[in-house]
Amino acid sequence: MNDSETRDAGFDEWLDAAEEDRAYYLACPNDHGSLPPRRVCPDCGATELEDLELPDSGEIKTFTVTHVPTPAFEEDAPYATAVARFGPVRITGQVVGIDPEDVETGLEVEIEVTVSETTGERVLGFSPV
Amino acid sequence: MSDVRVAGVGLTPFGNAPKRTSRDLFAEASITAFEDSGVSRDDVDALLYGNFMGELSEHQGHHGPLMAEAAGVRAPATRYESACASSGTAVRDAVMRIRNGEDDVILVGGAERMTNLGTAGATEALAIAADDLWEVRAGMTFPGAYALMAQAYFDEYGGEHEDLAHIAVKNHENALNNEKAQYQSAIEVSDVLEAPQVSSPLGLYDSCPISDGAAAVVLTSEEYAEEHGLEAPVSISGTGQGGDRMALHDREYLARSPAAREAGEEAYADAGVDPADVDFAEVHDCFTIAEVLAIESLDLFPIGEGISAARDGRTTADGETPINLSGGLKAKGHPVGATGASQIAEVTKLLSGKHPNSEFVEGATTGVAHNAGGTVASATVHVLEVSE
Ligand SMILES: [Zn+2]
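Here is a short report on the structure shown in this document. (Residues numbered from 1 in each chain as written. Chains lettered and ligands numbered in written order. Predicted model: local features only at pLDDT ≥ 70, side-chain atom pairs only at ≥ 80, totals over all residues. Heavy atoms only, no water.)

## Side note on the overall build of chain A
Heads up, the rule is: The helix and strand labels rest on DSSP assignments: H or I over at least four residues marks a helix, E over at least two residues marks a strand, and numbering proceeds from the N terminus. To get the radius of gyration, use the C-alpha atoms; to get the globule rule, take the number of residues to the power 0.38 and multiply by 2.2 Å. Burial classes: relative accessible area under 20% of the type maximum marks a residue as buried, over 50% as exposed, and values in between as partly exposed (1.4 Å probe, protein chains only). The contact rule is simple, with two residues in contact once any of their heavy atoms fall within 4.5 Å. Note on areas: these come from Shrake-Rupley sampling with a 1.4 Å probe, and a residue is covered only by the protein chains present in the view. When charges are tallied, Lys and Arg are placed among the positive residues and Asp and Glu among the negative ones, while His and the ends of the chain are skipped. All charge positions are set by atom: Lys at NZ, Arg at CZ, Asp at CG, Glu at CD.
When helices and strands are counted, chain A shows one helix and eight strands. The N-to-C order of helical and strand elements in chain A reads α-β-β-β-β-β-β-β-β. Over its C-alpha atoms chain A spans a radius of gyration of 15 Å, differing by no more than 12% from the 14 Å that the globule rule assigns to 129 residues. C-alpha atoms of chain A, sized along the principal axes, occupy 40 × 40 × 25 Å. Burial analysis of chain A (129 residues in total) assigns 46% to the buried set. Summarising the internal contacts of chain A: among those between residues at least 6 apart in sequence, 48% fall at separations of at least 24. Summed over its atoms, the accessible surface of chain A is roughly 6,400 Å², and 41% of this surface lies on carbon and sulfur atoms. Each charge class in chain A can be summarised by its mean position, and for the 8 positive and 29 negative side chains these summaries are 8 Å apart.

Now the structure itself:
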């Protein structure tokens with residue numbers, strides 16, 4: 001948990017960009033995709049990484065509805081968490097804008113940065129397209 | 001290269017002991033291990049000690065020397081941290097050091113104090129085994145991560161919650177005779193299916209409990225065991241370790257554990273055994289789905305068949321390959337840092353006929369211990385065999 005002065009380089013910038021609909025991933029010269037913060041491609045070790053635009057929508061690959069959260073999400077539970085594929089990367093996010101019980105594999109979603117009801121901190125979310 | 005003998009093992013009861021410090025727990029386990037081994041504390045060359053959440057649960061770092069003191073050992077001591085595979089990695093290093101001729105006697109083990117954190121605190125502490133930025137801050141919990149794998153498994157290979165329930169029922173059944181186990185109570189499939197949801201499709205009875213406990217193992221070289229006339233018929237004959245990307249979403253597979261496969265293949269090759277030679281295994285069943293992924297990764301069952309193995313009676317005590325005769329993490333308990341070493345202790349007792357469930361594996365010569373960290377970003381596998 002961060003106080004508002006503190007930022008995590010790479011990650012908070014990514015959330016800023018996502019809030020402005022400019023979510024991106026890191027691409028290496030060998031076309032491996034990964035998420036920041038990162039200086040080295042975890043697949044091949046290449047150090048020349050560039051920011052490329054993330055596809056507008058992704059597909060849910062697996063999901064769960066969490067009833068027993070960590071203290072940072074006490075007021076949010078139950079909520080759905082999913083892993084969704086956006087082009088070359090998969091991302092974990094909280095599914096919003098839909099009844100958690102209606103979330104399913106294959107659902108098409110877009111990135112929507114939301115906030116924890118418990119802490120007011122930003123949370124990486126997905127909403128159905 | 002020296003054969004590595006298990007000279008003695010010690011476990012505390014696993015369970016709810018919120019007032020007991022980890023130094024007290026480890027002291028108890030080590031006393032038992034030394035008594036069991038007949039090895040003098042003066043001969044110990046090193047302590048390798050596994051612990052995961054000591055900073056959070058006891059405001060304590062630098063566990064190595066503290067635990068050497070608690071065990072009455074004057075030797076260099078190092079803490080190993082690999083989430084739930086902490087003491088598995090400690091055992092692996094101990095084996096390699098003895099084989100290399102570096103050391104003759106190593107005390108290896110681990111402990112964890114968890115119940116004093118409460119459910120919310122322990123959930124938070126366990127979650128830090130995942131990627132904080134991309135997983136924990138999105139609300140993913142540790143049970144949630146395994147639930148993501150369970151759902152992915154169902155989608156890819158089939159199976160349903162009822163299949164998983166049979167795993168929980170089996171492991172509770174196995175723990176009935178294990179006086180060190182946290183739960184010595186039978187449950188039924190309906191109990192699992194009707195239990196409160198933790199993270200769908202996993203419920204309360206799909207999850208291992210929050211536990212306090214410690215495990216200690218005295219390992220020696222073959223030469224030391226023979227010189228000192230130790231009764232130590234069980235050897236660690238194979239060791240392997242695998243690794244994978246930290247976040248589940250970065251893995252090649254959502255419903256397989258390649259790190260455990262890598263560790264298993266390495267350990268089998270090291271010991272010169274095949275999966276078909278394995279008589280029984282203690283695997284890391286922190287959640288029911290984890291046992292499925294483990295037995296498939298160890299090549300004990302083909303991919304897609306692990307899900308039905310308990311239901312079909314293939315992994316029960318009287319089945320072809322008994323899995324988690326101790327009760328597993330599910331019923332024996334899962335004091336995180338102690339788990340890997342406790343599996344070595346259970347397999348040793350099962351192979352030497354000193355376990356309450358030894359009757360189910362009479363004549364067995366080969367047992368396997370599989371210890372996983374996080375959502376299996378870390379894994380160690382050890383093969384134990386009865387020496388001729
Ligand atoms: Zn690359």
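Let's pick the thread back up.
## A look at the coordination of the zinc ion
Residue and element names in this part refer to chain A. Stated formally: Keep in mind that water is not among the atoms, so a site may look incomplete; donors are the N, O and S atoms within 2.8 Å of the metal, or 3.2 Å for Na, K and Ca. Note on geometry labels: four donors, all angles 85 to 135 degrees, give tetrahedral; four donors become square planar and six octahedral when opposite donors are over 155 degrees apart and every other angle is between 65 and 115; remaining cases are irregular.
Here the zinc ion is held by the protein donor atoms Cys28 (SG), His32 (ND1), Cys41 (SG) and Cys44 (SG), which lie 2.1 to 2.3 Å from it. Around the zinc ion, the four donor atoms sit at angles spanning 103 to 114°, and that spread fits a shape best called tetrahedral. Along the chain, the residues donating to the zinc ion fall in the pattern C-x3-H-x8-C-x2-C. Here Cys44 lies in the loop between strand S2 (33–34) and strand S3 (50–53) and His32 lies in the loop between strand S1 (24–27) and S2, a separation of 12 residues in the sequence. On the basis of relative accessibility, which here comes to 35%, the residue Cys44 falls in the partly exposed class.

## Section: the interface of chain B and chain A
The criterion, for reference: Once two parts are brought into contact, the accessible area they lose, counted with a 1.4 Å probe and summed over both, makes up the buried area. In this classification, Asp, Glu, Lys and Arg are treated as charged, Ala, Val, Leu, Ile, Met, Phe, Trp, Tyr, Cys and Pro as nonpolar, and every other residue, Gly included, as polar.
Listed as interface residues are 32 residues of chain B and, on the opposing side, 36 residues of chain A. Interface of chain B and chain A: buried area, both sides summed, is about 2,800 Å²; carbon and sulfur atoms make up 58% of it. If you list the elements that add at least two residues to the side of chain B that touches chain A, you get helix H5 (118–127), helix H6 (142–157) and strand S5 (197–199) of chain B. Classifying every residue of the side of chain B that touches chain A by side-chain character gives 14 nonpolar, 10 polar and eight charged.

## So, the nonpolar core
Residue and element names in this part refer to chain B. The line we're drawing: Here, nonpolar core refers to any group of buried Ala, Val, Leu, Ile, Met, Phe, Trp, Tyr and Cys residues whose side-chain atoms link them within 4.5 Å.
By size, the foremost hydrophobic cluster in this structure holds 63 residues, and its most contacted members are Tyr146 and Ile289. The greatest single-element share of this core, amounting to 10 residues, is contributed by H6. One finds Ala215, Leu325, Leu351 and Ala364 within the second-largest nonpolar core, a separate group that totals 34 residues.

## Some remarks on the packing of aromatic side chains
This is how it is decided: Side-chain rings of Phe, Tyr and Trp, where Trp is taken by its six-membered ring, are said to pair if the distance between their centres is within 6.5 Å; with planes under 30 degrees apart they count as stacked, over 60 as edge-to-face, and otherwise as tilted.
On inspection of all chains with the given rule, the structure shows nine aromatic pairs over all chains. For the pair Phe11(A) and Trp134(B), a centre-to-centre distance of 5.1 Å together with 85° between the ring planes defines the contact as edge-to-face. A residue pair is termed interchain when its members come from two chains, as with Phe11(A) in helix H1 (residues 11–19) and Trp134(B) in the loop between H5 and H6. For the residue pair Phe11(A) and Trp134(B), the accessibility class agrees, reading buried in each case. Ring plane angle 80° and centroid distance 5.0 Å describe the contact between Phe26(B) and Tyr49(B), whose orientation is recorded as edge-to-face.

## What to know about unusual backbone geometry
Cis geometry marks the peptide bond from Ala77(A) to Pro78(A); its omega dihedral reads -5°. Tracing the backbone shows Pro78(A) in the loop between strand S4 (58–66) and strand S5 (79–86). Here the bond from Ser200(B) into Pro201(B) is cis, since omega is 5°, no more than 30 degrees from zero. If you trace the backbone, Pro201(B) turns up in the loop between S5 and strand S6 (202–203). A positive phi is found at Asp21(A), a non-glycine position, where the angle reads about 60°. One can find Asp21(A) in the loop between H1 and S1. Phi is positive for His59(B), which is not a glycine, with a value near 55°. With respect to the element layout, His59(B) can be found in the loop between helix H2 (54–58) and helix H3 (63–71).

## A few points about the pattern of salt bridges
Residue and element names in this part refer to chain B. For clarity, the threshold we go by: By definition, a salt bridge exists where a carboxyl oxygen of Asp or Glu is found within 4 Å of a side-chain nitrogen of Lys or Arg.
In the structure shown here, the tally under the stated rule is 29 salt bridges over all chains. Close ionic contact of Asp270 with Arg99 constitutes a salt bridge, the shortest N to O distance being 2.9 Å. In this pair, Asp270 is assigned in helix H10 (residues 258–271) and Arg99 in helix H4 (residues 86–99), connecting sequence segments 171 residues apart. The partly exposed category is assigned to Asp270, whose relative accessible area is 30%.

Don't take any of this as a statement about function, it's just geometry.
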